[in-house]
Amino acid sequence: MSARFEEIDWRPTAMGDISLRRRRDPVSGIDVYEVKLGDEFLMSSLFTAGEIALAELGLAKLQDTELDVVVGGLGLGYTAEAALDDPRVRSLTVIDTLAEVIDWHRRGLVPLGTRLTSDPRCRLVQGDFFAMAADSRGLDPEEPGRRFHAILLDVDHSPRHVLHPRHAALYQPAGLRALTEHLHPNGVFALWSNDPPDEQFTSVLTEVFPQSAAHVVDFDNPLQGGTSTNTVYVARTEPGPS
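Scope of this entry: the structure provided in the associated data block. (Residues numbered from 1 in each chain as written. Predicted model: local features only at pLDDT ≥ 70, side-chain atom pairs only at ≥ 80, totals over all residues. Heavy atoms only, no water.)

### Some thoughts on unusual backbone geometry
Where we set the bar: Elements are defined by DSSP. Helices are runs of H or I of four residues or more, strands are runs of E of two residues or more, and each kind is numbered from the N terminus. Exposure categories follow from relative accessible area, calculated using a 1.4 Å probe and restricted to protein chains: below 20% of the type maximum is buried, above 50% is exposed, and the middle band is partly exposed.
For asparagine 186, which is not a glycine, the phi torsion comes out positive at approximately 65°. Position of asparagine 186 relative to the elements: it lies in strand β9 (residues 183–193). On the accessibility criterion, asparagine 186 (27% relative accessible area) is partly exposed.

### Examining the pairing of strand β1 (residues 5–13)
As a reminder, the rule being used: Only strands that DSSP links by at least two bridges are regarded as paired with each other.
As paired strands, β1 and strand β2 (residues 16–24) are joined by eight bridges and run antiparallel to one another. Within β2, the residue paired with arginine 11 across the bridge is isoleucine 18. Counting the residues in the hairpin turn of β1 and β2 gives two residues.

### Quick look at helix α3 (residues 99–106)
Among the residues of α3, Glu100, Val101, Ile102, Trp104 and His105 are the ones counted as buried. Immediately downstream of α3, the backbone of glycine 108 shows phi near 70°, a positive value.

### Quick notes on the sheet that holds strand β4 (residues 40–44)
Selection rule: An axis is simply a line fitted to the C-alpha atoms; with a helix, the fit covers only the stretch in contact. Between two such axes, the angle follows the N-to-C directions and lies from 0 to 180 degrees.
The antiparallel open sheet is built from four strands, whose spatial order is β1-β2-β3-β4. A single partner strand is all that each edge strand has here, and the edge strands are β1 and β4. Adjacent strand axes in the sheet meet at a mean angle of 20°, parallel and antiparallel pairs treated alike. As paired strands, strand β3 (residues 31–37) and β4 are joined by four bridges and run antiparallel to one another.

### As for the pattern of salt bridges
We count it as follows: Put simply, a salt bridge is a Lys or Arg side-chain nitrogen that is within 4 Å of an Asp or Glu carboxyl oxygen.
Throughout the structure, instances matching the rule amount to 24 salt bridges. Notably, a salt bridge pairs aspartate 86 with arginine 88, separated by 2.8 Å at the nearest N-O pair. Salt-bridge contacts for arginine 177 lead to glutamate 207; the nearest nitrogen and oxygen are separated by 3.3 Å. Here arginine 177, found in helix α6 (residues 173–180), pairs with glutamate 207, found in helix α7 (residues 199–208); they are 30 residues apart in sequence, far enough to count as distant. Connected via shared salt-bridge partners are Glu66, Asp68, Arg90, Arg123, Asp140, Glu142 and Arg146.

### So, the sheet that holds strand β6 (residues 89–96)
Selection rule: Only heavy atoms matter for contacts: two residues are in contact if any of them lie within 4.5 Å across the pair.
Read across the open sheet, the seven strands follow the order β7-β6-β5-β8-β9-β11-β10; overall the sheet is mixed. Each edge of the open sheet is held by one strand with a lone partner, namely β7 (122–126) and β10 (211–220). Averaged over all adjacent pairs, the angle separating strand axes in this sheet is 20°, with direction ignored. In terms of strand pairing, strand β5 (residues 67–72) meets strand β8 (residues 148–153) through four bridges, oriented parallel. Within the sheet, the bridge partner assigned to valine 69 lies in β8 and is alanine 150. Sheet strands touched by α3: β6 and β7. Its angle to β7, the strand with the most contacts, is close to 150°.

As structure tokens, this is what we get:
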């Protein structure tokens, strides 16, 4: 049996001190992995329904049989794992700004680390997703200008509650239009949010994408009791010529 609490790793980063912790949940008896940035909780293995739904809802809209996918934000790896569970995915590029988070996976310090790093389809890339999305060179440092069938993003708490002020530009029409340049025709952009559906952001999506929708994901919350929700936005680019 593991100890009731362990700080597995702690590092200073440009965004603040980041720590990986493991604690034993007294109710379920399972090990819960948590990531904190400073005093703020970023993610927990206790709540993964929204991260998994981000991949499932985003990829469900695609009819292609060989998919090239980008995940912005590695975290504990649940969105990436859900993408790899789709047999149509032939390549997965996962971008995270923190080399420390990538290192946790490569060292097997988090439960899904070995699963992701052992899959030949999956590549972990250290980089600033937001800067890369705004750059014409795009989201693959090894292949500038490469296009993808889906971009799945889970970094900020929501379009209104961002981890860094520079992220805010992506959620405006100009930022989203730049992002669409990295998608194939009929490509998908999907975004996780911890907030309820936001009418203002939905209007921005409608301005840029011909199709978009906000999906509410319900999940049990044993800490607060009852049910909590996340939102997954899914938008599609213009179809190509028939």
